[in-house]
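Architecture and fold: a report
Spelled out, the chains give:
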Amino acid sequence: MITTPGNSEPGGTEPLLLAAARNNAEWVAAVCRDGAFSGSVWSSARRTPALYPDAVSLTPRASAAEVVAGMDTGSPGCSVKDSFASLDLAPAGFEVLFEACWIHRAPGPAGPVAPGTEWSGVRTAAELEAWEAAWDGGAGTGLFHADLLARDLVFLAGRSGGRIVAGAVASAGGGVVGVSNLFTVDGEGCDPAVRAAAVDAAWAAVLGAVAARWPGLPVVGYEQGEDLEAAVRAGFTPIGPLRVWLHTG
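This is a predicted model, so every value here is computed, not measured. (Residues numbered from 1 in each chain as written. Predicted model: local features only at pLDDT ≥ 70, side-chain atom pairs only at ≥ 80, totals over all residues. Heavy atoms only, no water.)

Concerning helix 1 (residues 14-32)
- Between its first and last C-alpha, helix 1 extends 27 Å over 19 residues, near the 27 Å set by a 1.5 Å rise per residue.
- Just past helix 1, the residue Arg33 takes up positive phi, approximately 55°. (Helix = DSSP H or I, 4+ residues; strand = E, 2+ residues; numbered from the N terminus. Expected span 1.5 Å × (residues − 1).)

Focus on the pairing of strand 4 (residues 79-82)
- In strand 4, alternate side chains face the same way, and those of Ser79 and Lys81 on one face and Val80 and Asp82 on the other are all buried.
- Here two bridges tie strand 3 (residues 55-57) to strand 4, and the two strands are oriented parallel to one another. Bridging across to strand 4, Ala55 finds its partner in Val80.
- Handedness of the crossover is the feature at issue here: the chain leaves strand 3, passes through helix 2 (residues 64-69), returns alongside strand 4, and the resulting connection is right-handed. (Buried < 20%, exposed > 50% of the residue type's maximum accessible area, 1.4 Å probe, protein only. Pairing = 2+ DSSP bridges. Right-handed = clockwise from strand over helix to strand, strands pointing away.)

Let's talk about the state of the cysteines
- Taken as a whole and assessed by the stated rule, the structure comprises zero disulfides.
- There is no disulfide at Cys32, and the cysteine sulfur nearest it, in Cys78, is 12 Å away.
- What makes Cys32 buried here is its relative accessible area of 13%. (Disulfide = S-S within 2.5 Å.)

Focus on unusual backbone geometry
- One non-glycine residue with positive phi stands out, namely Leu51, at about 80°.
- Taking the relative accessible area as the measure of exposure, Leu51 reaches 71% and is therefore exposed.

Considerations on the confidence of the model for the chain
- A residue-level look at the chain finds 93% of positions with pLDDT of 70 or above and a mean pLDDT of 91.
- The low-confidence segment residues 1-11, where pLDDT is below 50, has 18 contacts with residues more than four positions distant or belonging to other chains. (pLDDT = per-residue confidence, 0-100. Contact = heavy atoms within 4.5 Å.)

Side note on the pattern of salt bridges
- This structure, assessed with the given rule, holds 10 salt bridges.
- The residue Asp147 makes a salt bridge to Arg33 at a minimum N-O spacing of 3.3 Å. Within this pair, whereas Asp147 is found in the loop between helix 3 (125-136) and strand 7 (153-160), its partner Arg33 is found in the loop between helix 1 and strand 1 (36-38), the two being separated by 114 residues in sequence.
- The class of Asp147 is partly exposed, set by a relative accessible area of 47%.
- For Arg243, the salt bridge is made with Glu99, and the minimal N-O distance between the two is 2.8 Å. Within this pair, whereas Arg243 is found in strand 11 (residues 237-247), its partner Glu99 is found in strand 5 (residues 94-105), the two being separated by 144 residues in sequence.
- Judged by relative accessible area, Arg243 falls into the partly exposed class, the value being 23%. (Salt bridge = Lys/Arg side-chain N within 4 Å of Asp/Glu carboxyl O.)

What follows is the structure in structure tokens.
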């Protein structure tokens, strides 16, 4: 069983949680190309792309009223990332969509990268399109726009035989590097041990790339279920819960 330390433990985890929430909100804002930071909340008055929240709480002191005020709750699919699992949004017509856990890892690579896959950063719009096709199974939603390539982040691609078989996004901000959207193509639908090995290899490569580009910065993110277990195997520690709420009212 994976447990989460509380903020009352020696040293506390609140500074890491605050940094992780801010880093993630900056990534969301970059993808959405909209919204504003105001006090304890980032929010967008227009509906955000699929899979991305309309608001993100930045501190555990954010109130439900603050979070909801800057959103368009009249449009279907409106959602909130409750970064500290501290909000009660049910009275405003929301229900919990899923729960996950923030994770933290000290700076440094995860060990030798398994042979057979070459990793590099995505540099062009065409490469980004291919990366997204591998990530979403070819759905072709155009979620990740080329403007993202000019920011202090990197779309990492693992290639085998010229084909993208794994990847992740690493984004610097708030004194940390946030890793998200980690995926593998090889191992999907296979024996669980095969998939676990593919995910472990991806984590090792991604952490090595992050350590090379941003030496000395801690790494954060959030995961759930088997993906959380994989992150723990890669050296991460769970540091706190989060919730995503969906407006159903």
